[in-house]
Number of protein chains: 2
Amino acid sequence: MKNVIVGQSGGPTAVINSSLLGVYKTAKDRGADIVYGLVHGIKGLLDRDMVDLSTQVKNDLDMDLLKRTPSSFLGSCRYKLPDIKGNESTYEEIFKILKEYEIYAFFYIGGNDSMDTIKKLSDYGEKIKSPIRFMGVPKTIDNDLAITDHTPGYGSAAKYIAATTKEIIRDGLVYDYPVVSVIELMGRNAGWLTAATALAAGEDCEGVDMIFLPERIFDLDKFLDKVGELYKQKRSVVIAVSEGVKVADGRYVCELADHVDYVDAFGHKQLAGTARFLAGKVAEKYGVKTRAIELSSLQRCAAHITSRIDVTEAFNTGGSAVKAAFEGMSGQVITLKRVSEDPYMCITESADVHFIANVEKKVPDEWINKDGTNILEPLVHYIRPLIQSEITPLWVDGLPRHLILQK
Amino acid sequence: MKNVIVGQSGGPTAVINSSLLGVYKTAKDRGADIVYGLVHGIKGLLDRDMVDLSTQVKNDLDMDLLKRTPSSFLGSCRYKLPDIKGNESTYEEIFKILKEYEIYAFFYIGGNDSMDTIKKLSDYGEKIKSPIRFMGVPKTIDNDLAITDHTPGYGSAAKYIAATTKEIIRDGLVYDYPVVSVIELMGRNAGWLTAATALAAGEDCEGVDMIFLPERIFDLDKFLDKVGELYKQKRSVVIAVSEGVKVADGRYVCELADHVDYVDAFGHKQLAGTARFLAGKVAEKYGVKTRAIELSSLQRCAAHITSRIDVTEAFNTGGSAVKAAFEGMSGQVITLKRVSEDPYMCITESADVHFIANVEKKVPDEWINKDGTNILEPLVHYIRPLIQSEITPLWVDGLPRHLILQK
């Protein structure tokens, strides 16, 4: 038997299931017997909670639906395996289960945290001289993985963000009095998603006025001064800000609020959002109408608008992981390499998981303007190809149809 | 000369420009000389700020772009004309300008507040025996206009809300621990938009668990008890709530918060959102992970996902207004009448503006369940046809292309 296992881990994306399909279809094409899907990632392995994917993806229609289904089809987890040292019994148990299911190769679709699972499993496998191959398939809307040119999931999130920002800008222009809109994007430490708002600008859109990334220290007074200048010059001011922006003393901007929204059952203070806080400060200081818009989880699950480039690359990274594993590779993560700028072309390569697991890639300093209030053209040039072309949803009764796990 | 004027007023929608196109194209087809567009509604008339629409919409491509452009192409206003009595000079001025521009008919695209403008202008016109015809074209995502079966703009907002809710529900299911998501929808007094979240439910989606409309009094304790039961039974609980829900003493739910977000320059207290407040209460009481999602202005400007039925009806109401005016009608608003349920068919009729201006239509009580925690099947049946079929954006360089006003 040549069985393989695939799991999905971490926060979902709009194309994480295209990677799942890439693994499934390529494994089947290359002669795999059973392709198991882990329900809720590595936890599904420990719980022996798996499905035979051929019972889920039964025909071409199912494949096309799976590609268009947001969020992790198999479910996800944030579970991290313990260190090998001192926890050998956990690993013995895992490898016992893998043997029981006659597993030939193991694939994990996830971000830098999830790649820690591949690292530990392949390290242990090497230690015990297991023949099982362990491969990582990159995935995250955050685009913060090392080595790879970008991550599958980012392009579709960027496309959704750019399209929505464009619509918000138009909406802000409708009245004849000034409005300051603050859009909050995901990204605790890296500003890739926030940077994507810059793509709204073009022949038919004036674009956002300022962009603040967590890579630079945020200065509230300077921010307010800039807004003060802007709203006198133009009717609608639109600002994009990352949830992760921090002031000089290291506090998140939202931590500057003088109240907490509520204290949860674990005693954690829940803070107002960054956009809400900044919009409040602007309203307080200038008496101008403001609006705070959080794109929230919509930026990772809006599969009704995905980038065809992204969907294709997500599928290809899954397929390449299978190809590499079947050719003997292990302990690696598939990466994307941009081999041509114009026309845009990316190929897949691979990198040692030790260089990717737990590493965060930030926006390079030279792609941000001097005073940290906007991004520069090379960053727009980097993102633009990733949002190209579309995958049309399969509309049923007025809504995009999804594929759901049958258990 | 047979010139006409058209203006857009109130909050924008994704299809308000289809109505503008309906007025423009039908007026031209029926022999109008110049079709003026009022920049920022009735204020544009008083400021003589108008454009000749033939200089803006020059060919078929422009028409197709205009149809796909969200937010009011001409700009909007919230300006209300003063009462005729005691302000005759304002009306004398308006009719002087209309005469100056040789206006034959005046069209105003807007909601119940905006229809007040048509009411006053036609009342004054009748008083002075002006031959000018005044017609209202209905528009609002809120769907709260009297007499008409529904309003253009609502169907596309409902489609966006239902598709997004479906994606949020899938996103909430991804982890293996409970999550309570609260989605906040627009609607101060009428729950039509919030009700549209019910459409997410179907063969591939479990739907939202509770829906709270402003038509019923909100009971915080009962809400918390219900959530307490739900999150023990199922992993992901999703609740839709209107921004306008109020408790028994008449306060908005968001006014129950024990702090204000900020006080603006006019001394108005700005409150935390309803979803945020409720999610906080759930987290505080049960220690469960919660998420508050406000669809905010996205629900009125997301033209990348519009209903073809809605776009067509928006165009038709604009066109019907011109036809009626050119046949001698005045002081009326075009309405939609559902002449067949299955298959769905609507025709246009018209109604005296006095019965529509300043009147709000709420969700009928019999379409809400007994304890006010969900809507009933007849309401779903009412909304479902309005979200059918799609208009594909015109994608340019990865983003939907819009038409912008050239001045």
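Residues numbered from 1 in each chain as written. Chains lettered and ligands numbered in written order. Predicted model: local features only at pLDDT ≥ 70, side-chain atom pairs only at ≥ 80, totals over all residues. Heavy atoms only, no water.

K.L.:
Outline the overall build of chain A, supporting the account with residue identities and numerical values.
P.N.:
In terms of helices and strands, chain A carries 12 helices and 17 strands. Against the globule reference of 22 Å for 407 residues, chain A gives a C-alpha radius of gyration of 22 Å, in line with a compact fold. Dimensions along the principal axes, computed over C-alpha positions, put chain A at roughly 70 × 45 × 40 Å. Buried positions account for 64% of the 407 residues belonging to chain A. Of the contacts formed within chain A by residues at least 6 apart in sequence, a portion of 77% connects residues at least 24 apart. Surface accessibility of chain A: about 14,800 Å² in total, with carbon and sulfur atoms responsible for 48%. Here chain A carries 49 positive and 56 negative side-chain charges, and the mean point of each set is 1 Å from the other. (Helix = DSSP H or I, 4+ residues; strand = E, 2+ residues; numbered from the N terminus. Rg over C-alpha atoms; globule rule 2.2 N^0.38 Å. Buried < 20%, exposed > 50% of the residue type's maximum accessible area, 1.4 Å probe, protein only. Contact = heavy atoms within 4.5 Å. Areas by Shrake-Rupley, 256 points an atom, 1.4 Å probe, with all protein chains shown as cover. Lys, Arg positive; Asp, Glu negative; His and termini not counted. Charge placed at Lys NZ, Arg CZ, Asp CG, Glu CD.)

K.L.:
An account of the sheet that holds strand E13 (residues 332-340) of chain A is requested, with residue identities and associated values reported.
P.N.:
All names here are of chain A. Here we have 7 strands laid out as an open sheet, ordered E3-E2-E1-E4-E5-E13-E14, and mixed in their pairing. In this open sheet, the two strands that pair with only one neighbour each are strand E3 (50-52) and strand E14 (345-352). Ignoring strand direction, the axes of neighbouring strands in this sheet form an average angle of 30°. Relative to strand E4 (residues 103-110), strand E1 (residues 3-8) runs parallel, the two being bridged by 6 bridges. Opposite Val6, over in E4, you have Phe107 as the bridge partner. (Pairing = 2+ DSSP bridges. Axes fitted to C-alpha atoms, helices over the stretch in contact; angles between N-to-C directions.)

K.L.:
Can you explain the packing of aromatic side chains? Please cite residues and give values.
P.N.:
The tally for this structure, following the rule as stated, stands at 30 aromatic pairs over all chains. Relative to Trp367 of chain A, the ring of Trp192 of chain A has its centre 6.4 Å away and its plane inclined at 85°; by these criteria the two rings are edge-to-face. Placement of the pair is Trp192 of chain A in helix H7 (residues 192-195) and Trp367 of chain A in the loop between E14 and helix H12 (377-383), with a sequence separation of 175 residues. According to the relative accessible area criterion, Trp192 of chain A is buried, its value standing at 2%. When the ring centre of Trp395 of chain A is taken as origin, the NZ or CZ atom of Lys159 of chain B, which lies over that ring, is 4.6 Å away. Lying across the ring of Tyr252 of chain B, Lys246 of chain B places its NZ or CZ 4.9 Å from the centre. (Phe/Tyr/Trp six-rings, centres within 6.5 Å; stacked < 30°, edge-to-face > 60°. Lys NZ or Arg CZ within 6 Å of the ring centre and 35° of its normal.)

K.L.:
Describe the pattern of salt bridges, listing the residues and the values that go with them.
P.N.:
Oppositely charged side chains can form a pair if their charged atoms are brought close together. All names here are of chain A. With the rule as written, the count across this model stands at 60 salt bridges over all chains. With its nearest N and O atoms 3.8 Å apart, the salt bridge here joins Lys337 to Glu349. Highlighted residues: Lys337 in strand E13 and Glu349 in strand E14, separated in sequence by 12 residues. Counted as one network, the salt bridges with shared partners bring together Arg48, Glu93, Lys96 and Glu100. (Salt bridge = Lys/Arg side-chain N within 4 Å of Asp/Glu carboxyl O.)

K.L.:
Would you mind going over the interface of chain B and chain A in detail, with residue names and values included?
P.N.:
Accessible area lost during the coming together of the parts is what is often quoted as the interface size. Facing the 77 residues of chain B at the interface are 77 residues of chain A. Buried area between chain B and chain A, both sides added, is near 6,400 Å², and the carbon and sulfur share of it is 52%. For chain B, the biggest contributors to the area lost against chain A are Glu167, Arg170 and Arg276 of chain B; these three give 12% of the whole. In this assembly, chain B and chain A are joined by 12 salt bridges. The shortest N-O distance in the salt bridge between Arg384 of chain A and Asp397 of chain B comes to 3.8 Å. Counting across the interface, chain B meets chain A through 37 residue pairs in polar contact (both at pLDDT 80 or more). Secondary-structure elements contributing two or more residues to the side of chain B that touches chain A are helix H6 (154-172), strand E9 (262-263), helix H9 (274-286), strand E11 (289-294), helix H10 (298-301) and strand E17 (399-400) of chain B. (Buried area = accessible area lost by both parts, 1.4 Å probe. Polar contact = N/O pair within 3.5 Å; in protein donor to acceptor, adjacent residues only side chain to side chain.)

K.L.:
Account for the pairing of strand E8 (residues 236-242) of chain A, naming residues and giving values.
P.N.:
Residue and element names in this part refer to chain A. With 7 of 7 residues buried, E8 lies mostly within the body of the structure. Side chains Ser236, Val238, Ala240 and Ser242 of E8 all project onto a buried face; the interleaved residues Val237, Ile239 and Val241 project onto the opposite face, where all are buried too. Note that strand E6 (residues 179-185) and E8 share 7 bridges and pair parallel. In the strand pairing of E8, Ile183 is matched with Ala240. Pairing analysis gives 3 bridges linking strand E7 (residues 210-212) to E8, with the strands arranged parallel. Bridge assignment links Met210 to a residue of E8, and that residue is Ile239.

K.L.:
Explain the sheet that holds strand E6 (residues 179-185) of chain B to me, and be specific about the residues and the numbers.
P.N.:
Strand pairing in a sheet is mediated by backbone hydrogen bonds. Such pairs are either parallel or antiparallel. Residue and element names in this part refer to chain B. The 4 strands lie next to each other as E7-E8-E6-E11, forming an open sheet whose pairing is parallel. Whereas interior strands pair on both sides, the edge strands pair on one side only; in this sheet they are strand E7 (210-212) and E11. Neighbouring strand axes in the sheet, compared pairwise and without regard to direction, differ in orientation by 15° on average. H6 rests against E6, strand E8 (236-242) and E11 of the sheet, and its axis sits at about 165° to E6.

K.L.:
How would you sum up the packing of helix H8 (residues 220-233) of chain A against helix H9 (residues 274-286) of chain A? Please name residues and give values.
P.N.:
Residue and element names in this part refer to chain A. Following both chains from N to C, one finds H8 and H9 inclined at 60°, their axes separated by 11 Å at the closest point. Relative to H9, H8 is oriented oblique. The element H8 and its partner H9 pack so that their crossing is right-handed. Contact with H8, carried on its side by Leu220, Phe223, Leu224, Asp225, Val227, Gly228 and Tyr231, involves Phe277, Leu278, Lys281, Val282, Lys285 and Tyr286 of H9 and no other residues of that element. Class assignment for the residues of the contact of H8 with H9 results in 9 nonpolar, 1 polar and 3 charged. (Parallel < 35°, antiparallel > 145°, perpendicular 65-115°, else oblique. Left-handed = near helix turned anticlockwise from the far one by under 90°. Nonpolar A, V, L, I, M, F, W, Y, C, P; charged D, E, K, R; others polar.)

K.L.:
Please give an account of the environment of Asp142 of chain B that cites residues and values.
P.N.:
Take Asp142 of chain B: it is sitting in the loop between strand E5 (133-138) and H6. Once the C-alpha coordinates of Asp142 of chain B and Ile368 of chain B are considered, the two residues, 226 residues apart in sequence, prove to be 17 Å apart.

K.L.:
Please provide a residue-by-residue account of the relation of the copies chain B and chain A, values included.
P.N.:
Each copy of the chain is related to the other by a rotation around an axis and a translation along that axis. At an RMSD of 0.0 Å, chain B and chain A line up after a rotation of 180° and a shift of 0.0 Å along the axis. Overall, the copies show the geometry of a two-fold rotation axis. When the interface residues of chain B are mapped onto chain A, 100% of them again fall at the interface, so both copies present the same face. (Least-squares fit on C-alpha atoms with pLDDT ≥ 70 in both.)

K.L.:
So, the packing of helix H1 (residues 16-29) of chain B against helix H3 (residues 60-67) of chain B: which residues are in play, and what are the values?
P.N.:
Residue and element names in this part refer to chain B. Between H1 and H3, whose axes approach to 7 Å, the crossing angle comes to 145°. Every residue of H3 that contacts H1 at Asn17, Ser18, Leu20, Leu21 and Lys25 is listed here: Met63, Leu66 and Lys67. Tallied by class, the residues present in the contact of H1 with H3 amount to 4 nonpolar, 2 polar and 2 charged.

K.L.:
Hey, could you go over the nonpolar core for me, with residue numbers and the actual values?
P.N.:
Counting 88 residues, the largest nonpolar core has Tyr154, Leu379 and Ile383 of chain A together with Tyr154, Leu379 and Ile383 of chain B as its most contacted members. With residues near it in sequence (within four places) discarded, Leu379 of chain A still touches Trp192, Ala195, Val363 and Trp367 of chain A. (Core = buried A, V, L, I, M, F, W, Y, C linked by side-chain atoms within 4.5 Å.)

K.L.:
Tell me about the confidence of the model for chain A, and name the residues and values.
P.N.:
In this model, chain A carries a mean pLDDT of 95, and residues with pLDDT of at least 70 account for 97%. Confidence estimates for the predicted assembly give a pTM of 0.97 and an ipTM of 0.96. (pLDDT = per-residue confidence, 0-100.)

K.L.:
Got a sec to walk through the environment of Ala32 of chain B? Specific residues and values, please.
P.N.:
Residue and element names in this part refer to chain B. With respect to the helices, strands and loops of the structure, Ala32 is situated in the loop between H1 and strand E2 (35-38). For the pair Ala32 and Ile211, spaced 179 residues apart in the sequence, the C-alpha separation amounts to 48 Å. If near-sequence neighbours (up to four positions away) are discounted, Ala32 is found in contact with Lys2, Val4, Ala27 and Phe326.

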